[in-house]
Amino acid sequence: MPPPPARATDVVFVVSPANAASMFMPFYFLYLAGYLEEHGFTVAIVDTHSKDPEENVRTILQAIDALKPRFVGLASFVTDYDQVLSLAKDIRRRSDAKILAGNAHPSIAPEDFLFEGSPFDVVVRGEGERTLRQLLAEYREDSDLERIPGIAYRRDGRVRITPNRELMDLSECALPAYHKLDLRWYQRPTKNILRRLTTVGAVIYLGRGCPFHCTFCASDSVWQANARPHGMSPVRKRPMSAVIRELRLLQDEHGFDFFYILDDTFGIREEDIVAFCEAYRASGLRMLWGAETRVNCIRTPEIMALLKDSGCIQLDFGVETGSPELLKRIRKAATVEQTVAAFDLCRRHGIRTFANMLLNLPGETEEDLRLTHELLARIRPTFTSIGVTMPYPGTEIARGLSRPIGREDYGKFNRIFPPEEYRLSAHRRNLARLLFSWFLRYGVVAPVEWSLFCADARYWKKLVSSRHRWRYLLFFAKDIPLNFLRYLAFFRHYLPRPLKN
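Conventions adopted
- Residues numbered from 1 in each chain as written.
- Predicted model: local features only at pLDDT ≥ 70, side-chain atom pairs only at ≥ 80, totals over all residues.
- Heavy atoms only, no water.
- Core = buried A, V, L, I, M, F, W, Y, C linked by side-chain atoms within 4.5 Å.
- Buried < 20%, exposed > 50% of the residue type's maximum accessible area, 1.4 Å probe, protein only.
- Helix = DSSP H or I, 4+ residues; strand = E, 2+ residues; numbered from the N terminus.
- Contact = heavy atoms within 4.5 Å.
- Pairing = 2+ DSSP bridges.
- Axes fitted to C-alpha atoms, helices over the stretch in contact; angles between N-to-C directions.
- Salt bridge = Lys/Arg side-chain N within 4 Å of Asp/Glu carboxyl O.

Quick look at the nonpolar core now. Judged by nonpolar contacts, the single largest core of 143 residues is most densely connected at Phe13, Leu74, Leu247, Phe276, Trp289, Leu307 and Leu315. Per element, the largest residue contribution to this core is 9 residues, and it comes from helix H1 (residues 27-38). Not counting residues within four places of it along the chain, the set of residues in contact with Leu307 comprises Phe266, Ile273, Cys277, Trp289, Ile298, Cys312, Leu315 and Ile351. By size, the runner-up hydrophobic cluster in this structure holds 8 residues, among which are Cys214, Phe216, Leu326 and Ile397.

What follows covers the sheet that holds strand S15 (residues 312-320). One open sheet holds the 6 strands; their spatial order is S9-S13-S14-S15-S16-S17, and the pairing between them is parallel. If you trace the sheet from one side to the other, it starts and ends with strand S9 (201-204) and strand S17 (383-388), each paired once. Between one strand axis and the next, the sheet turns through 20° on average, direction left out of account. Looking at chain direction, strand S16 (residues 352-359) and S17 are connected through 6 bridges and run parallel.

Let us look at the pattern of salt bridges. For the coordinates displayed, the defined rule picks out 41 salt bridges. For Glu129, the salt bridge identified is with Arg208, shortest N-O distance 2.7 Å. Separated by 79 residues along the polypeptide, Glu129 in helix H5 (residues 129-138) and Arg208 in strand S10 (residues 207-208) bring together distant segments of the chain. When the shortest N-O distance is used, the salt bridge between Glu421 and Lys412 registers 3.4 Å. If you follow the salt bridges from partner to partner, you end up with Lys191, Arg196, Glu449, Asp479 and Arg486 in one network.

To continue, consider the sheet that holds strand S2 (residues 43-46). What links the strands of a sheet is backbone hydrogen bonding, and the strands pair in either a parallel or an antiparallel sense. As summarised here, the arrangement of the 7 strands in space is S2-S1-S3-S4-S5-S6-S7, forming an open sheet in which the pairing is mixed. With partners counted over all chains shown, the strands left at the sheet margins are S2 and strand S7 (158-161), one partner each. The sheet shows a mean angle of 25° between the axes of neighbouring strands, direction not considered. Relative to strand S3 (residues 69-75), helix H3 (residues 81-94) is tilted by about 170°, and along the sheet it contacts strand S1 (9-14), S3 and strand S4 (98-102).

Structure representation (structure tokens):
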């Protein structure tokens, strides 16, 4: 069915003001916008970056007034639920557009967005491209939403969920609609793309999906909001030609020096690593890059040599814990021995490592903490990130709680000052105090962030030859003293709080 006659704009995607300081592009909207434009719809993305939250909201509302969209799309994660809900209410007061909610949280718990008096009209569950295309083409005030797979809506006082929509072949994906953003914000040096290494970089995806079932992760629940056709792998890959085309666009037209592969499962099959590295080398592209992967995906010197030769300078691993018992309990599907082997390979080949660690894992004991210290001393990551496990909706951990988590609880999810009611560990340590002590011990907070300078010659040559070289120099000149001030602020602001508990 062809699209109905358009108003000024068919759909406006609004990036949550909670993400105003983020250096990650809203890739979920970029993919949707590119796909919808290819199918004849008019799309806009409103992406604000003021330090004043109220100014961001005013800018968004002014854009809605000017664009007069038929639909407004908002993405929500548990951590920004309250802000997204508040923004949707503000939009509802000014616009008769249908307000859509999508991404991880709405896919897992659509009822959180479709309560009595909610400003949201429809939840898009799971993968959004085909569902949004059908919604934009067929939605009428008197239409029967029941025939549109992959959505949820409220009618006659209850939430109705339509059948899951089938996952699509990723050859249908369009290129992300980078032209819909003011990229100047994202062309500034940051330590948040190749994490803790200063770059002008972008995030890309080679595929979608994850075959694992870690108990602390909701990824599995998100993908279950779609039906998987018989014979389709849980991990789908984009055509390599489309990936290289996107990278060429980022380098040649937009001037990015680095990129980061954010797939849940980069390298789950060795042949996928080989295919990407060989295609990237053959392309002649010169960006350096990093990736998020798993320790059981990095197994051989040959793969490491190929990664390095194709421009990889950093690999990030979800290590989580040094306790074999906890690894089994959280169903990590990896071992301590695989962790040691992967980090040793990276060190021998001169590739930076980033280790994500978790405290407050279910049943965690003092002995588990000791084993984690021993493992970190053994693998010596370039940088160690430490978080506190929270029972996010959609995770097996959340399903195992004695009482369900509801909308009123989401504001409590604080990984810096975790509430006692979400203690999962068996030990009785003050979780915030424990977290801060690990921050100091592993240099997460330090007067000088030495990992910032731990890179090989390729990295420094890239900075010197970049068209952004003066921006890099200015960033270093500012960041070194600012980091020291942040270190002092950490002691003034954060440390006293848990000590009073």
